[in-house]
Every structure is written in structure tokens, then in C-alpha cells.
Amino acid sequence: MPLSPPAKREKLHDRTILLEGFRREDGLFDIEARLTDTKTYAFSNEDRGEVKPGEPLHGMLMRLTIDEDMRIVACEADTEYGPYTVCPAITPSFASLAGLKIGPGWLRAAKERVGGVKGCTHLVELLGPMATVAFQTTVVLRRTRPVDPAKPPALLNTCHAYAADGEIVARRWPQFSTRGRAVDAGTDQAADSAARARSRA
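Structure report, in brief. (Residues numbered from 1 in each chain as written. Predicted model: local features only at pLDDT ≥ 70, side-chain atom pairs only at ≥ 80, totals over all residues. Heavy atoms only, no water.)

**Considerations on the side chain of His58**
So, point 1. Mapped onto the secondary structure, His58 falls in strand S5 (residues 58-66).
So, point 2. Only 2.9 Å separates the side chain of His58 from the side chain of Asp37, close enough to count as a polar contact.
So, point 3. Polar contacts involving the side chain of His58 include one to the side chain of His122, which spans 3.2 Å.
So, point 4. Once residues lying within four places of it in the same chain are set aside, the contact partners of His58 are Leu35, Thr36, Asp37, Tyr81, Pro83 and His122. (Helix = DSSP H or I, 4+ residues; strand = E, 2+ residues; numbered from the N terminus. Polar contact = N/O pair within 3.5 Å; in protein donor to acceptor, adjacent residues only side chain to side chain. Contact = heavy atoms within 4.5 Å.)

As C-alpha cells, this is what we get:
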């Protein structure tokens, strides 16, 4: 279902983010991102002069190379377009992300290395969606690995679709489903109460 019709308006800004995941011949994976910001109007910039309509104000690229355990082997970043001439100078700092493992707490660890004045706001913003694409790209490995039936799936309760009391979990992982348990518990309690009442009669 599409969004409702918008009010009459004028487009001023466009941001595009392209994310891609690749499996390399050496067994590693490359996760690549490109961010581009453009305006629909010309404006003056201190370092670049006039920025024309459709000319990128921001043009950033990043590549994370990861292993099958989601550990970053290498990171490369580049600023093709930035609002200031100093912007590209910080991109080598992103190589310091090597060694981090994508998982719980990893963005906090990444920001300790490349956050604030140690990095670029727009490149740091790419790390979250790149982590998601890394997970989606390496799912090809998880599909071939044995599953421990006693271990809850990593997706459990991560969104509405994977709620423990929802229909999808009941269908895919019935052993971890809580669907109907509250109702069953209430039914059992009602039955117990009725039985006690009969015994007193």
C-alpha cells in the first residue's frame, strides 16, 4: 500500500545510499556502500565555490572486508565529494576498524575509533546499514550450518514479524513460540477452579 498523496511541495534534497554484498574468491566478503547527497538548487560553498544542482555535496564510499565470523579484516573509505577540502584527510582513520567483530556492541566500539573528530559523520552513519547488509550477505553460510534445536534463533523477538507470540515463530520455531500459552494457562486455571467447586458441592 503506497503512502498517502503528499501536499503540494518542492523537492530540495536527495540522498541516495547504495549497499552491496559480495563473496570473494578467497572466502572473505566485501560489503560496499556509497552515499550521495545532492540539492535541486545551486548554492555557494566556501571551499568549492558554486555547487550546482545535482552536483554531489557529499559523495562517500566505504568497503568493509569481513570473514565468515563477521570480523572486519580491512576497511577502506574514500570521500569523492565533501563540503570542505579537509574532509578526505580523515578517511584513512577508518582502517582502524579492522579487528572489530560485527555484533552486539560493535557500533559503540567503532565510534570509539572513528567517532567525532576521529572520523566523518556520514561515513560513520553508513556503518549501521552496512552491518545489516553484512548479515544478509553471509546468510548463505548460515543456511548450510547445523542448527542447535535447543538454542533460540537469533531473530527471535527482533521485530514484529519474529515476535515469540506471533504466527511466524509458531510456524518456523514452534519450540520457542509463546503463542497461546497465556490462553492455555488461563484455561487450565479455570478448569482447576471448576473442579474444586465441584468437589465442594
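From this point, things continue past the structure.
**Re the packing of aromatic side chains**
So, point 1. Per the stated rule, a full pass over the model turns up two aromatic pairs.
So, point 2. Between Tyr162 and Trp173, the ring centres sit 5.8 Å apart and the planes meet at 50°, which makes this aromatic pair tilted. Within this pair, whereas Tyr162 is found in the loop between helix H3 (139-142) and helix H4 (167-172), its partner Trp173 is found in the loop between H4 and helix H5 (181-200), the two being separated by eleven residues in sequence. Both residues of the pair, Tyr162 and Trp173, count as buried. (Phe/Tyr/Trp six-rings, centres within 6.5 Å; stacked < 30°, edge-to-face > 60°. Buried < 20%, exposed > 50% of the residue type's maximum accessible area, 1.4 Å probe, protein only.)

**Quick notes on the sheet that holds S5**
So, point 1. On the basis of which strands lie adjacent, the open sheet formed by four strands has the order S1-S2-S5-S6 and antiparallel pairing. Since the sheet does not close on itself, it has two edges, and those belong to strand S1 (13-23) and strand S6 (72-81), each with one partner. The average angle at which neighbouring strand axes cross in this sheet is 10°, direction not considered.
So, point 2. The pairing of S1 with strand S2 (residues 29-39) spans eleven bridges and is antiparallel. (Pairing = 2+ DSSP bridges. Axes fitted to C-alpha atoms, helices over the stretch in contact; angles between N-to-C directions.)

**Things to note about unusual backbone geometry**
So, point 1. Residues other than glycine seldom take positive phi values, yet Met70 does so here, at roughly 70°.
So, point 2. Secondary-structure assignment places Met70 in the loop between S5 and S6.
So, point 3. With relative accessibility at 10%, the residue Met70 sits in the buried group.
So, point 4. A positive phi angle, near 65°, is found at Asn157, a position not held by glycine.
So, point 5. Inspection of the secondary structure assignment puts Asn157 in the loop between H3 and H4.

**Considering the pairing of S6**
Along a regular strand, successive side chains alternate from one face of the sheet to the other.
So, point 1. Pairing of S5 with S6, which is carried by eight bridges, proceeds in the antiparallel orientation. Its bridge partner lying in S6, Met62 is registered against Ala77.
So, point 2. Two successive antiparallel strands, S5 and S6, enclose a turn made up of five residues, where Met70 displays a positive phi of approximately 70°.

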